Amino acid sequence: MSTPLASPGRPRADRTPRGLGAAVRRALPPGLLFALPFLVLFALFMLWPMVQGVWMSLTDTSLAAHEPSFIGLDNYTEAFGDADMWRAMWNTVWFTVVSTVPLVAVALAMALLVHTGLPGQWVWRLAFFAPYLLPVGVIGLLWGWLYQPDLGLYNHLLQAVGLDGYAWLSDESIALYAIVVATLWWTVGFNFLLFLAALQTVPDHLYEAAALDGAGAWRRLWHVTLPQLRRITGVITVLQILASLKVFDQVYLLTKGGPNGSTRPVVEYLYDMGFTGYRLGYASAISYVSFAFIVLASAVQFVALRRREK
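Position numbers for residues start from 1 in each chain and track the written sequence from start to end. A pLDDT threshold of at least 70 governs which residues receive local features in this predicted model, and a stricter bar of 80 or more applies before side-chain atom pairs are shown or counted, although totals over entire chains, interfaces and linings include all residues. To obtain the side-chain values, all non-hydrogen atoms of the structure were used and water was disregarded.

Points about the packing of helix 6 (residues 136-146) against helix 8 (residues 175-199)
Pairs of packed helices are described in terms of their axes, by the angle between the two and the distance that separates them. Between the N-to-C directions of two axes lies an angle of 0 to 180 degrees, each axis being a line fitted to C-alpha atoms and, for a helix, fitted only over the stretch in contact. Strands are runs of DSSP state E lasting at least 2 residues, helices are runs of H or I lasting at least 4, and numbering of each runs from the N terminus. Put simply, helix 6 and helix 8 touch, their axes get as near as 11 Å, and they point 135° apart. The angle between the axes of helix 6 and helix 8 places the two elements in the oblique class. The element helix 6 and its partner helix 8 pack so that their crossing is right-handed. Here Val136, Ile139, Leu142 and Trp143 of helix 6 come into contact with helix 8, specifically with Val181, Ala182, Trp185 and Trp186. Among the residues making up the contact of helix 6 with helix 8, the classes are represented as 8 nonpolar, no polar and no charged. Small angles under 35 degrees read as roughly parallel and large ones over 145 as roughly antiparallel, with 65 to 115 read as roughly perpendicular and the rest as oblique. Should the near helix be turned anticlockwise from the far one by less than a right angle, the crossing is termed left-handed; should it be turned clockwise, right-handed. Here, residues are in contact when the closest pair of their heavy atoms is within 4.5 Å. The nonpolar class holds Ala, Val, Leu, Ile, Met, Phe, Trp, Tyr, Cys and Pro. Asp, Glu, Lys and Arg form the charged class, and all remaining residues, Gly among them, are polar.

Here it is in structure tokens:
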């Protein structure tokens, strides 16, 4: 029995989707077509929340049950006059200054030690990088016990040599530096990995030429290795500054911003305003003030790096 033929004047059912897809492909450049899924998700989960956050910062939105109303720039005016907000901003800046230098210098020293050919390199690489893989909850619990005044390891070691212990996390003069030490131990492994990868790309003939000229190990370090690492050092410094300006997790777990707000960063302050004080509109305004500061710091760093490369 023969199969009936389709009517010559009737289009096939699958021609319309194919024609629509072809029309879309002709209308959009190939690169944009491939990037379209990412752009849709970026607009949905990044751009739209940012726009909504800007609008929220211009209202008195609250977690309390009342209808938000438009108040213009009142939240920003209050933020710029808020002494607690500026203190939190200063804590963030000072944490960034104190933590960035050791996180870059120690990572570089660790990478140089491994690159020089220490025996058992895989052990050193694992030991240096493994803490970075730990979740922040583990870091808070571990260093909270290490800094414990009565049973903590550090005070036990100090007392063993006849020294008095410290209230590491409850003394305003040292609490922030204690958090810096914990952050250094936790995150230096990432910078170490970047430096180690960069060291492996330095051409061997540069070292051979320096050795033929009679340069010792220190001269090869200063005149060959460090100049070759200039660009990656700038990149790591920028990334570290940006990460430190957004510090929140370890501070909240170790001190909750205390004692007396001496360690509270700006991210924790806007968290407290939004979810403890129920003032989501004001917290949004603080977040955009902080965002503007981070953008300004990033712009200054990129300009400085570009001038240094010239």
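After that view of the structure, there is still more to cover.
Observations regarding unusual backbone geometry
In this structure, Pro259 follows Gly258 across a cis peptide bond, with omega equal to -5°. Inspection of the secondary structure puts Pro259 in the loop between helix 12 (249-254) and helix 13 (266-276). Unlike most non-glycine residues, Lys256 shows phi in positive territory, near 55°. Tracing the backbone shows Lys256 in the loop between helix 12 and helix 13.

Looking at the packing of helix 8 against helix 11 (residues 230-245)
Two numbers describe how helix 8 lies on helix 11: the axes approach to 10 Å, and their chain directions differ by 165°. On the basis of the axis angle, helix 8 is roughly antiparallel to helix 11. Seen from above, helix 8 lies across helix 11 with right-handed handedness. Side by side, helix 8 and helix 11 meet where Asn191, Leu194, Phe195 and Ala198 of the first sit next to Ile232, Thr233, Ile236 and Gln240 of the second. Of the residues assigned to the contact of helix 8 with helix 11, the class counts are 5 nonpolar, 3 polar and no charged.

With respect to the environment of Val247
If you trace the backbone, Val247 turns up in the loop between helix 11 and helix 12. For Val247, a relative accessible area of 6% puts it in the buried group. Residues contacting Val247, with those up to four places away along its chain left out, are Phe95, Pro265 and Val267. For every residue, the accessible area obtained with a 1.4 Å probe (protein chains only) is divided by the maximum for its type, and the residue is called buried under 20%, exposed over 50%, and partly exposed between those limits.

Considerations on the environment of Leu63
As for its placement among the helices and strands, Leu63 is situated in the loop between helix 2 (30-57) and helix 3 (74-80). Under the relative-accessibility criterion, Leu63 is labelled partly exposed at 46%. In sequence terms Leu63 and Tyr278 are 215 residues apart; their C-alpha atoms lie 4.8 Å from each other. Not counting residues within four places of it along the chain, the set of residues in contact with Leu63 comprises Gly274, Phe275, Tyr278 and Leu280.

Comments concerning the side chain of Gln240
Take Gln240: it is sitting in helix 11. In this structure, Gln240 is in contact with Thr100, Leu103 and Asn191, ignoring residues within four places of it in sequence.

Quick word on helix 10 (residues 217-228)
Over its 12 residues, helix 10 extends 15 Å from the first C-alpha to the last, a length consistent with the 16 Å expected when each residue adds 1.5 Å. Residues Leu221, Val224 and Thr225 constitute the buried set of helix 10. Each buried residue of helix 10 sits inside an arc of 125° when the element is viewed along its axis, so together they form one side. What points out from helix 10, more than 90 degrees from its buried face, is the exposed set Arg219, Trp222 and His223. Any helix carries an expected span of 1.5 Å times its number of residues minus one. In this context, the arc is that of the directions from the helix axis out to the C-beta atoms.

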